[in-house]
Structures are given as structure tokens and as C-alpha cells.
Amino acid sequence: MSSLTDDRPQGAVELSIGGMTCASCANRIERKLNKLDGVTATVNYATEKAKVTFAEGIDPHDLIAEVEKTGYTAALPPEPKSSTTQDDSPGEPADELAPLRNRLITAVVLAVPVIAMAMIPPLQFTYWQWLSLTLAAPVVIYAGWPFHRATWTNLRHGAATMDTLISLGTIAALGWSLWALFLGSAGTPGMTHPFTFTIERTDGSGNIYLEAAAGVTAFILAGRYFEARSKRRAGAALRALLELGAKDVAVLRGGKEIRIPSDRLAAGDRFVVRPGEKIATDGVIEEGTSAVDASMLTGESVPVEVRPGDAVTGATVNAGGRLVVRATRVGADTQLAQMARLVEDAQTGKAQVQRLADRISGIFVPIVIALAVGTLGFWLGTGGGAGAAFTAAVAVLIIACPCALGLATPTALLVGTGRGAQLGILIKGPEVLESTRRIDTVVLDKTGTVTEGKMTLVETHVADGEDTDEVLRLAGALEHASEHPIAQAIARGAAERVGEPPTPEDFANVEGLGVQGVVDGHAVLVGRPRLLADWSQHLPADLERALTEAQAAGRTAVAVGWDGKARAVLVVADVVKPTSAEAIAQLRALGLTPVLLTGDNEAVARSVAAELGIDEVIAEVLPADKVDVVKRLQAEGRSVAMVGDGVNDAAALAQADLGLAMGTGTDAAIEASDLTLVRGDLRVAADAIRLSRRTLATIKGNLFWAFAYNVAALPLAALGLLNPMIAGAAMAFSSVFVVTNSLRLRGFK
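Residues numbered from 1 in each chain as written. Predicted model: local features only at pLDDT ≥ 70, side-chain atom pairs only at ≥ 80, totals over all residues. Heavy atoms only, no water.

## A word on the overall build of the protein chain
Of the regular secondary structure elements, the protein chain holds 28 helices and 26 strands. When burial is assessed residue by residue, the protein chain has 52% of its 749 residues classed as buried. Long-range pairs, those at least 24 residues apart, make up 70% of the contacts in the protein chain between residues at least 6 apart in sequence. (Helix = DSSP H or I, 4+ residues; strand = E, 2+ residues; numbered from the N terminus. Buried < 20%, exposed > 50% of the residue type's maximum accessible area, 1.4 Å probe, protein only. Contact = heavy atoms within 4.5 Å.)

In C-alpha cells:
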């Protein structure tokens with residue numbers, strides 16, 4: 001059958017999935033869809049999307065029906081894709097979070113007085129237990145409804161998660177409290193919770209557990225809400241990418257310039273790009289010459305010289321003269337749109353780490369339920385009486401109810417992310433922390449990550465008998481009048497050394513070669529050696545050697561001459577940040593292998609790598625191929641972290657096991673990453689990985705102790721020896737321990 005399926009034409013659809021509470025839900029839906037003949041599906045818990053390819057003859061509505069049979073909701077994407085994305089998506093996250101936020105507010109407002117009355121004896125007035133019931137019931141039933149619904153869905157499929165334990169524990173606590181209030185002695189006026197630490201068998205008819213039910217619901221809802229809020233940002237990377245393009249464009253119609261929105265541009269249209277403007281779409285230059293700064297898209301630090309006939313890419317910046325461009329690709333066909341698709345594919349294909357608490361509870365929950373049923377059967381079978389039997393069984397469920405477990409992850413995350421923010425590290429969510437533990441390779445983008453990302457004057461070579469300051473003063477004056485990025489680097493370097501430059505006369509831009517003009521009575525030339533040669537100003541041997549060495553190292557060399565003689569060679573380069581070498585050493589100390597990845601040429605990449613002590617270099621990589629480099633390293637069995645700052649890095653950041661974006665970079669890179677480093681200092685990357693690993697270790701410690709308290713108290717509960725005071729104290733102590741343990745992260749250096 002499958003061989004037939006392979007030959008049938010394929011359709012594809014992206015379904016929006018609703019109702020998932022953990023990664024195991026995504027796995028369940030994926031398995032269900034993949035069982036259908038001719039269907040291949042991947043479901044992403046983070047983006048709440050299912051990418052499905054299916055054979056001809058299958059109706060997408062059948063796929064929706066299959067998902068709904070599993071107990072979740074599914075919807076086809078809205079029809080008018082472009083307009084909807086623009087109008088609705090910014091409002092969508094808030095709308096989807098509103099029900100969860102309302103449940104959380106209800107739970108907190110009502111649970112606080114219930115917990116206070118149960119824990120503080122002076123607040124236990126005559127009918128306090130009935131007020132507790134009035135406040136706690138809506139918390140357990142209304143606020144805790146997502147847990148009960150998920151539990152029912154999971155039980156129908158023979159699965160148990162954190163939701164199962166929360167739902168069973170809170171319902172058991174509420175149910176038992178109702179029995180004790182209406183049929184036992186807990187409802188009598190003047191009843192108080194006795195603060196005695198005696199271990200003795202009791203029939204439980206005088207005990208209520210409403211504070212446990214309300215408190216657990218409120219704590220765990222808070223954790224879910226903050227997780228959902230960070231998850232909602234998954235789509236923001238695509239928005240940031242698509243917003244990079246020019247908003248409007250000057251189109252030539254009948255010899256006149258008319259400004260229209262960029263999305264109304266059609267292939268074949270001719271449009272004008274002035275200096276400093278973004279190029280509206282992919283096209284070919286018909287008139288004009290300039291330098292185009294494509295570093296944002298390609299990662300090349302040196303602006304590219306362009307002339308008629310050259311292809312240019314949308315969203316790159318025209319750094320020099322006026323250009324007339326003929327549009328060749330528009331809308332979804334442009335390089336920018338293709339990169340947006342790459343980011344989306346990388347995000348959807350990323351295997352989400354299942355939450356640790358879910359994995360543990362998959363084993364823990366069935367054991368607790370079996371123990372509660374066994375306890376009930378044992379006491380009934382040995383003639384202990386129905387009251388004592390039910391007390392012991394419910395005590396087992398209540399002590400297993402994960403109060404500290406609900407705090408374990410959110411508190412450590414809260415403190416860890418707070419400390420990170422103080423250090424300039426923004427952590428996106430709990431899955432990120434698990435990724436940091438396994439990383440063994442760190443891929444570093446060159447431009448703007450390990451280097452400054454802008455051209456700087458690094459060397460000045462002068463001929464015998466020439467004054468360096470005079471060379472910089474005259475060259476700087478001429479370059480100051482040019483808009484070219486290399487000229488600007490020389491002008492900045494000269495101004496720092498010799499101050500404000502004089503104003504040149506007869507300034508002229510010589511197309512593709514350099515600039516010429518008169519400064520203080522000298523006829524000055526600055527540009528390629530060919531420009532000077534045209535005026536019979538040939539470089540002496542020492543300057544020729546300096547020029548060749550600079551070019552061999554991948555740097556840009558500019559010749560300077562005046563009054564009939566070549567006088568100097570100025571070398572411009574994208575310099576390595578002063579902290580990068582120390583950062584590489586710190587990353588190595590964490591057991592990571594650094595790899596330098598760049599769109600720049602091999603010579604530039606090798607010289608930077610040699611300066612930093614990096615052995616592995618991958619150069620001359622196109623933006624779309626950066627993702628393939630990360631995939632290739634992953635296929636070799638490596639766990640890859642990627643550090644980048646440009647749009648060209650966004651898809652690779654999303655594909656990597658751990659994406660770290662420099663906060664000095666583009667919004668697209670920041671949104672696609674897992675960790676954002678607010679400062680442009682690479683040393684922060686090493687701090688981020690250390691902090692993430694420490695936070696994960698704290699979460700694991702919290703989970704261990706939260707379970708340890710429960711497990712230690714379970715035998716007492718099963719023996720019927722657990723009175724409510726000890727249960728409450730154990731629960732409170734485990735919660736205090738978890739919070740205190742988390743607060744230790746504030747001392748992270």
C-alpha cells in the first residue's frame with residue numbers, strides 16, 4: 001500500500017492545533033495523524049502548528065476530524081493569508097491568553113484567603129471552614145478546568161501527565177473536604193485545625209484540605225501562564241523578518257517618480273533607490289553605480305560595488321549613488337521571503353524537549369494511583385472501616401499532590417531569568433535550559449559577533465620621508481566628502497588622529513576607482529592603485545608590498561597620492577572585538593568546540609580565526625546555506641549552539657539546538673534565538689550557557705526534593721498515620737525549601 005502512496009501527488013497544509021498542554025500531547029497527535037494512509041505529519045508544541053503532507057484524495061477536513069478524535073482542536077489556515085497575517089496576528093496572542101489569565105487571576109484572588117485561614121489559627125473564626133469552601137470550590141472547578149479536561153483526554157488514551165496528578169489531587173482534596181464538612185465533624189461551628197505533630201491513625205472526618213486544593217491550582221496555573229506567554233512569541237521571528245523590507249518605493253511611470261507601497265510592486269517595474277534607502281525588492285540595476293551594504297542579509301562586512309547589469313537583493317541598503325533598478329522577483333519569491341520560510345521550517349522542525357516534570361510524572365502518577373487504590377483495598381480488606389480506609393487513600397493522593405512541584409520550575413526560572421537580565425542575558429523558556437546541557441559545538445557568525453561589524457582604519461603605511469599626520473589630513477578631507485563605507489572608515493580614523501578635516505574643492509567621484517579633489521592647494525587622489533596609475537603615480541616597492549600583504553590577509557587597501565607622487569597605503573578592515581579572544585577561551589573551558597562561520601571570503605575568515613585561536617572555519621557561505629551547515633554538524637552527531645546577529649543568521653539560530661543572538665543585532669535574529677545577549681560582548685555567551693546550566697541544575701534539584709518529600713510521606717499516608725497538620729507542614733516546608741533553593745541563583749557571578 002505504501003508504495004502506491006509514495007507515487008500519488010502530494011498536498012500540504014498547516015493546521016493550527018489547540019488544547020495541547022505538554023509535549024506528549026504533540027507526540028500523541030503526530031502518531032495519530034501518521035497512522036493515516038498517505039499522511040506525513042510533524043506537530044510542534046511551541047508553535048501549536050501541525051505541518052501535514054498528504055496524498056491526493058485525502059480531504060484536509062478528515063485530518064481535522066482525526067485530530068478532534070484525539071481530544072484536541074484543529075483549524076485550517078485562514079484563506080486571505082497575507083492580509084490576515086498583517087491585521088490579526090498582533091492581536092491573536094492576547095486573545096488566546098485571556099482565558100488562562102482570567103483563570104489565574106480568579107485562582108490567586110480566591111486562594112490567598114483560603115491558605116491564610118488554614119495556616120493562621122487566629123483567622124479561624126466560627127464558620128471559617130464554610131467560607132473556605134465557598135472560596136476554594138470555584139478555584140478547583142473553574143480555574144482548574146484545563147487540568148481536569150486534559151486529564152480526561154489523557155485517561156481516554158491511557159496516558160498520565162502532571163495534569164493527571166494535579167486534577168486527581170485537587171479533586172480528592174475538595175471531595176474529601178466536602179465529605180468531612182457535610183457528613184463528618186469538620187462542619188461543626190468552632191472547628192479549628194489543631195497544630196499538633198502527633199502521628200496517629202484517624203478516620204479523617206474532622207479534616208479539610210481546601211488550602212491544598214486551592215493553593216496547588218493557583219501555583220501551577222501561574223507556571224502555565226508564564227510558559228504560554230513566552231511560547232506565543234514563536235511567530236514573532238517571522239514578523240520581524242518581513243518588516244525588514246522597504247515600506248514604500250518610488251516607481252518610474254511615464255518618466256515620473258510615483259511613490260507606492262512596496263507590496264504593489266510588480267516584476268518588470270523600474271524603481272529609484274536614493275543613497276541611504278533600502279532596495280524595495282530583488283532586481284537588476286539599469287542605471288547608476290553605488291556600493292550596497294548587504295551585511296544585514298549576507299554577513300559580508302565590505303559593501304559590494306554594483307553597476308548596471310548587477311543583481312541586487314531586497315532589504316539591502318544603498319550606501320552610495322542614485323540607482324534605477326528593474327524588479328525581477330516580488331512578494332513570496334524574494335530572498336527575504338525565502339529566508340522567512342527557512343526560519344519557519346527550522347522552528348517547526350525543531351524537536352521540543354518534553355518538560356522534565358511531565359516525564360517524571362509519567363512514571364510517578366500511575367504508581368500513586370495504584371498505591372491509593374491498594375491502600376483503600378487493604379484497609380477495607382483488613383476491617384479497618386470505610387472512614388479510615390478512605391482517609392488513608394485520600395491522604396495518599398493529597399500528599400502526592402505536587403504543590404512544591406508546581407513551584408520547582410517557575411521559581412528557578414524566575415530567579416534565573418531575573419539574574420540573567422541583570423547580566424544582559426534574556427532566556428526564552430524552560431526548554432532552552434535543557435538544550436544548554438547537551439551543547440558540544442558552538443558556531444560563531446563572524447561579522448558583528450566576533451568582529452565589530454563595521455569597517456575601521458587599522459594600518460597606515462607611508463612612503464619614505466612622508467608625514468603620517470599629513471597623509472591622514474589630506475586623505476581624510478577627501479574621504480569625508482564621500483558616502484562610501486570604506487571612505488567613511490578612513491574619514492573617522494583620520495578625524496580621531498588629526499582632528500576636523502579641511503573642506504576639499506573640485507571633489508569628484510571616479511566610478512569604481514575612488515575619489516579625487518583639491519585639498520589645501522594639493523591635487524589629491526584616494527582609491528585603487530589603478531586610479532593613481534592613470535595619473536602616472538606608481539606605488540614604490542615598500543607600499544606595493546604593504547598593499548599585497550593587506551589583500552592577502554583579506555583586508556581592503558586604499559592608495560593615497562598627491563602632486564604627482566604616490567605617498568601612502570591605508571588599510572581598512574572589520575576588526576575583531578577586544579573581548580572575543582577571551583570569550584573563545586571561556587567557551588572552550590565549558591567543553592565547547594568553536595567553529596567560525598561567515599559569508600566573507602576565506603582569507604578574511606582565516607585571519608580572524610588565527611587571531612582568536614579557532615581551528616575550524618567555514619567561509620563563503622550563502623545565507624540560505626548557513627542552515628545546511630548547522631544541519632550537517634547535527635547529522636555528524638554534534639549538539640550545536642549558534643551565535644549570530646544578522647537576518648542571515650535567523651534561520652540557522654532557529655535550526656540550532658541552542659540559538660544565541662547578540663542584542664546589538666537585528667530583530668529577526670533576536671526573535672529566532674533561544675537566548676539574547678543584550679550587550680554585543682561575546683563573553684556574555686559563555687555566561688549565558690553557565691547560567692542556563694546552573695538554572696537547570698537548580699530545577700532538577702527542586703524536582704528531586706519536591707518528589708522526595710512526597711515519596712517520604714506516602715508510606716505514612718498509606719498506613720493512615722498522616723494527620724492534616726503534618727500533611728500541611730510537609731507541603732509548606734517542601735515549598736519553602738524549593739523557593740529558598742531557587743533564590744541561591746541570585747548569587748550567580
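That was the structure; now back to the text.
## Brief notes about the packing of aromatic side chains
Inspection of the entire model under this criterion finds five aromatic pairs. With a centroid separation of 5.2 Å and an interplanar angle of 75°, the aromatic rings of W130 and F182 are classed as edge-to-face. In this pair, W130 is assigned in helix 6 (residues 128-143) and F182 in helix 8 (residues 162-182), connecting sequence segments 52 residues apart. Judged by relative accessible area, W130 falls into the partly exposed class, the value being 26%. Residue class for F182 comes out exposed when judged on its relative accessible area of 56%. (Phe/Tyr/Trp six-rings, centres within 6.5 Å; stacked < 30°, edge-to-face > 60°.)

## A short note on a nonpolar patch on the surface
Taken together, the side chains of L178, W179, F182 and L183 present a nonpolar region at the surface, about 420 Å² in accessible area. Within the element layout of this structure, L183 appears in the loop between helix 8 and helix 9 (210-231). When its relative accessible area of 64% is taken as the criterion, L183 is described as exposed. (Patch = residues over 30% accessible without salt bridge, like charges linked within 9 Å, V, L, I, M, F, W, Y side chains within 5 Å. Areas by Shrake-Rupley, 256 points an atom, 1.4 Å probe, with all protein chains shown as cover. Salt bridge = Lys/Arg side-chain N within 4 Å of Asp/Glu carboxyl O.)

## Observations concerning the pairing of strand 7 (residues 270-273)
Of the strand pairs in this sheet, strand 5 (residues 248-253) and strand 7 are connected by two bridges, and their pairing is antiparallel. Bridge pairing in strand 7 places V251 opposite F271. For strand 7 and strand 13 (residues 323-329), the ladder comprises four bridges, and the chain directions are antiparallel. Across the sheet, the residue bridging to R270 is R326, located in strand 13. (Pairing = 2+ DSSP bridges.)

## Here's the deal with helix 27 (residues 683-718)
Along its 36 residues, helix 27 runs 53 Å from first to last C-alpha, staying within 8% of the 52 Å computed at 1.5 Å per residue. G720 occupies a position one or two residues after helix 27 and carries a positive phi of about 75°. (Expected span 1.5 Å × (residues − 1).)

## A closer look at the nonpolar core
As a rule of thumb, soluble globular proteins bury nonpolar side chains together. Within the largest apolar cluster, 53 residues are counted, with the highest numbers of intra-cluster contacts made by I208, L210, L221, F364, V368, V396 and L714. At the level of secondary structure, the elements contributing two or more residues to this core comprise helix 5 (92-119), helix 6, helix 8, helix 9, helix 13 (356-381), helix 14 (386-400) and helix 27. Counting residues in hydrophobic clusters, the runner-up holds 46 residues, among them V415, I427, A688 and I699. (Core = buried A, V, L, I, M, F, W, Y, C linked by side-chain atoms within 4.5 Å.)

## Quick notes on the packing of helix 6 against helix 7 (residues 145-156)
Where helix 6 meets helix 7, the closest approach of the two axes is 5 Å, and the angle between their N-to-C directions is 45°. What the angle tells us is that helix 6 and helix 7 run oblique. From helix 6, V140, I141, Y142 and A143 reach across to helix 7, where they touch W145, P146 and H148. Split by residue class, the contact of helix 6 with helix 7 holds six nonpolar, one polar and no charged. (Axes fitted to C-alpha atoms, helices over the stretch in contact; angles between N-to-C directions. Parallel < 35°, antiparallel > 145°, perpendicular 65-115°, else oblique. Nonpolar A, V, L, I, M, F, W, Y, C, P; charged D, E, K, R; others polar.)

## Notes on the UniProt feature "transmembrane region" (unreviewed entry) in the protein chain
As recorded in UniProt, the sites labelled "transmembrane region" (unreviewed entry) are residues 104-121, 127-145, 165-188, 208-226, 360-380, 386-409, 702-719 and 725-743. Note that residues 127-145 is 89% helix and 0% strand, and that its end C-alpha atoms are spaced 28 Å apart. (UniProt positions renumbered as here; feature names shortened; annotations may be inferred.)

## Comments concerning the pairing of strand 3 (residues 49-55)
Two elements, strand 1 (residues 10-18) and strand 3, share seven bridges in a ladder whose sense is antiparallel. Each residue of the ladder has a partner; that of Q10, found in strand 3, is A55.

## A look at the sheet that holds strand 2 (residues 39-44)
Taken in spatial order, the four strands of this open sheet run 2-3-1-4, and their pairing is antiparallel. Sheet topology places strand 2 and strand 4 (73-75) at the edges, where each strand pairs with a single neighbour. On average, each strand axis in the sheet is inclined to that of its neighbour by 25°, with strand direction left out of account. One ladder, built from three bridges, connects strand 1 with strand 4; its direction is antiparallel. Bridge pairing links S16 to A75 in strand 4. Of the strands in this sheet, strand 1, strand 2, strand 3 and strand 4 are in contact with helix 3 (residues 60-69), which crosses strand 4 at around 160°.

## Some remarks on the sheet that holds strand 13
Spatially, 6-5-7-13-8-11 is the arrangement adopted by the six strands of the open sheet, whose pairing is antiparallel. If you trace the sheet from one side to the other, it starts and ends with strand 6 (256-261) and strand 11 (311-312), each paired once.

## Points about the environment of V273
Residue position: V273 is located in strand 7. Assessed through its relative accessible area of 1%, V273 is described here as buried. Other than its neighbours up to four places away in sequence, V273 contacts K278, I279, N318, G321, R322, L323 and V325.

## Focus: unusual backbone geometry
Glycine aside, residues mostly have negative phi angles, and peptide bonds mostly take the trans form. Within the chain, D506 stands out as a residue other than glycine whose phi angle is a positive 50°. The topology assignment puts D506 in strand 17 (residues 505-510). Its relative accessible area of 63% is what places D506 among the exposed residues. Its identity as a non-glycine residue notwithstanding, D520 has a phi of 50°, on the positive side. Mapped onto the elements of the fold, D520 is located in the loop between strand 18 (514-519) and strand 19 (522-527).

## So, the packing of helix 14 against helix 27
Relative to each other, helix 14 and helix 27 sit at 170°, their axes nearing to 8 Å. The angle between helix 14 and helix 27 places the two elements in the roughly antiparallel class. Facing helix 14, whose interface residues are A392, A395, V396, I399 and A400, helix 27 presents N710, A713, L714, A717 and A718. Among the residues making up the contact of helix 14 with helix 27, the classes are represented as nine nonpolar, one polar and no charged.

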